[in-house]
Amino acid sequence: MTLEMESPRIVFADGDRNSVQVRLQIGNLVVSKATIIPRLMRIGRSVVRVDGIGGVETHEQYRHKGYARRVLTEAVNKMKSGDAALSILWGIPNFYHRFGFVSAIPAHIMSLDASVEHETIPDGWIVRPFRWEDVDSLARLHNEFIRNSVGPQLRGDSPPYSPAWNQLREEARHECKVLIDESSTIVAYAWACSSDVWWTDFLPRQDKNSLMLAEVVAADELAADVILGVCVDWAKSKGLSRIDVATPPTGNVAAAGMLLGARFTIQYHRCQEIMIRCLDPYRLLTQMEPELEYRWLHCKDQLDKFSLGIFTDEGNVTVFLDRDGAHIFEGIHDELDGRVFIAQHELARLSLGAYPPSAILSRLDRKLEDKTAEVLERIFPFTGAFVCPPDSL
């Protein structure tokens, strides 16, 4: 029997680090595939299970037959049956929206001229190239940097390591410098990458005459000042006129850049780049409960209590808010104080807070009562969400 006579079939294959590859096969030939990659995402004080989608590919001679659509549909169904609350991917235009994904988080760049005067390296401190045995220290610095942030992914500081760190083994395309203080402690790192690394195309750079830094992370303000100076000198040593750092305008490195006159660029996209969808609203809000509770209990002019029904195309949830915190229940309970009818992808956007909540809530098909809108804006505020580009695998 020839391949053309065999029926395409879906196969699920286990991969590294609990990943699952979704394959469409004709006979033993894999003609289209995608990989589900389990991750942990910070949403403030909560850690939320997300499934990343990567490695989406269809063999050239089998394209335009609907095979990628079938693979992605099966991948979404597989993720819904698991324990992840959200799915995230880095998407091309006009494709992934068919599977419920929407653009959700902007790209950030901090630009700094290499001619700026900067902090020098203190006596007893050294800068050297990254070694693989440094990865535990870098992971701890990264996870501390993203503490209470919204959008970044946690990276393990012990084996098996996050795929993000494995990119540093590609010495031809990635370089990393570590800053070590007088006590022999790594207090900062700067991770540079060449322009042929695919995710650099997602970043809002003005030109290529800059040192592209995927991450610059520091333990404290002094380390931030020093590592930025290291990056400026690094750019000048390559004959470049600027550094571009993929970082939001928050944290000690951004503050150090501000004091040196840095420029910050935030780029939103309509239907591509960093995209997200909600897999299960109950799982999402349950996993977000610590952060929802914090937001509710610490908002000004707090109400005594409010019961909110959230109706979505992926399931319904009831949120009880009172003086004790937030309580999440699957399904809709009686005697609601407010209701919101919202698509799963808009709930995903609200959960990350990359847009002002009023921008989403005011555009819903069903107009909200004022008190319901007020409560939603309290528990889903604008957060300045961001992602770290090396986590794009």
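Read on for an overview of the structure. (Residues numbered from 1 in each chain as written. Predicted model: local features only at pLDDT ≥ 70, side-chain atom pairs only at ≥ 80, totals over all residues. Heavy atoms only, no water.)

Looking now at the nonpolar core. As a rule of thumb, soluble globular proteins bury nonpolar side chains together. Ranked by internal contacts, the top residues of the largest apolar core, which has 47 residues, are L86 and F380. Discounting residues that sit within four places of it in the chain, F380 has contacts with L285, M288, L292, R295, L347, L350, S351 and P357. One finds V116, V216, A218 and A235 within the second-largest nonpolar core, a separate group that totals 30 residues. (Core = buried A, V, L, I, M, F, W, Y, C linked by side-chain atoms within 4.5 Å. Buried < 20%, exposed > 50% of the residue type's maximum accessible area, 1.4 Å probe, protein only. Contact = heavy atoms within 4.5 Å.)

This structure, assessed with the given rule, holds 4 cavities of 30 Å³ or more. Together, 13 residues line the second largest cavity, and F145, E215, A246, T247 and C388 are the ones closest to its centre. At the level of secondary structure, the elements contributing two or more residues to the lining of the second largest cavity comprise α2 (135-145) and β12 (211-218). Of all the elements, β12 adds the most residues to the lining of the second largest cavity, at 4 residues. Taken together, the residues of the lining of the second largest cavity break down into 10 nonpolar, 2 polar and 1 charged. (1 Å grid on protein atoms, 1.4 Å probe; cavity = no way out; pocket = protein on both sides within 12 Å on 5 of 7 lines; lining within 4 Å. Points joined across faces, edges and corners; volume = space filled by probe spheres on them. Helix = DSSP H or I, 4+ residues; strand = E, 2+ residues; numbered from the N terminus. Nonpolar A, V, L, I, M, F, W, Y, C, P; charged D, E, K, R; others polar.)

Before going further, it helps to examine the sheet that holds strand β10 (residues 174-180). Spatially, the 7 strands line up as an open sheet ordered β8-β10-β11-β12-β13-β7-β14, and their pairing is mixed. The outermost strands of the open sheet, each flanked by one partner alone, are β8 (126-129) and β14 (263-267). Neighbour-to-neighbour, the strand axes of the sheet open up by a mean angle of 25°, direction not taken into account. Lying on the sheet, α2 is in contact with β10, β11 (186-193) and β12; it crosses β11 at an angle near 90°. (Pairing = 2+ DSSP bridges. Axes fitted to C-alpha atoms, helices over the stretch in contact; angles between N-to-C directions.)

Okay, the side chain of R128 next. When you line up the elements, R128 lands in strand β8. Judged by relative accessible area, R128 falls into the buried class, the value being 15%. Polar contacts involving the side chain of R128 include one to the side chain of D134, which spans 2.8 Å. (Polar contact = N/O pair within 3.5 Å; in protein donor to acceptor, adjacent residues only side chain to side chain.)

Taken as a whole and assessed by the stated rule, the structure comprises 11 aromatic pairs. Taken together, a centroid distance of 6.2 Å and an interplanar angle of 90° make the contact between F130 and W132 edge-to-face. Residue F130 is classed as buried on the basis of its relative accessible area, which comes to 15%. On the basis of relative accessible area, W132 is assigned to the partly exposed category, the value being 26%. Ring plane angle 20° and centroid distance 4.4 Å describe the contact between F311 and F341, whose orientation is recorded as stacked. With F311 in strand β16 (residues 306-312) and F341 in strand β19 (residues 338-341), this residue pair connects regions lying 30 residues apart in the sequence. (Phe/Tyr/Trp six-rings, centres within 6.5 Å; stacked < 30°, edge-to-face > 60°.)

Taken by themselves, the reported measurements are silent on function.
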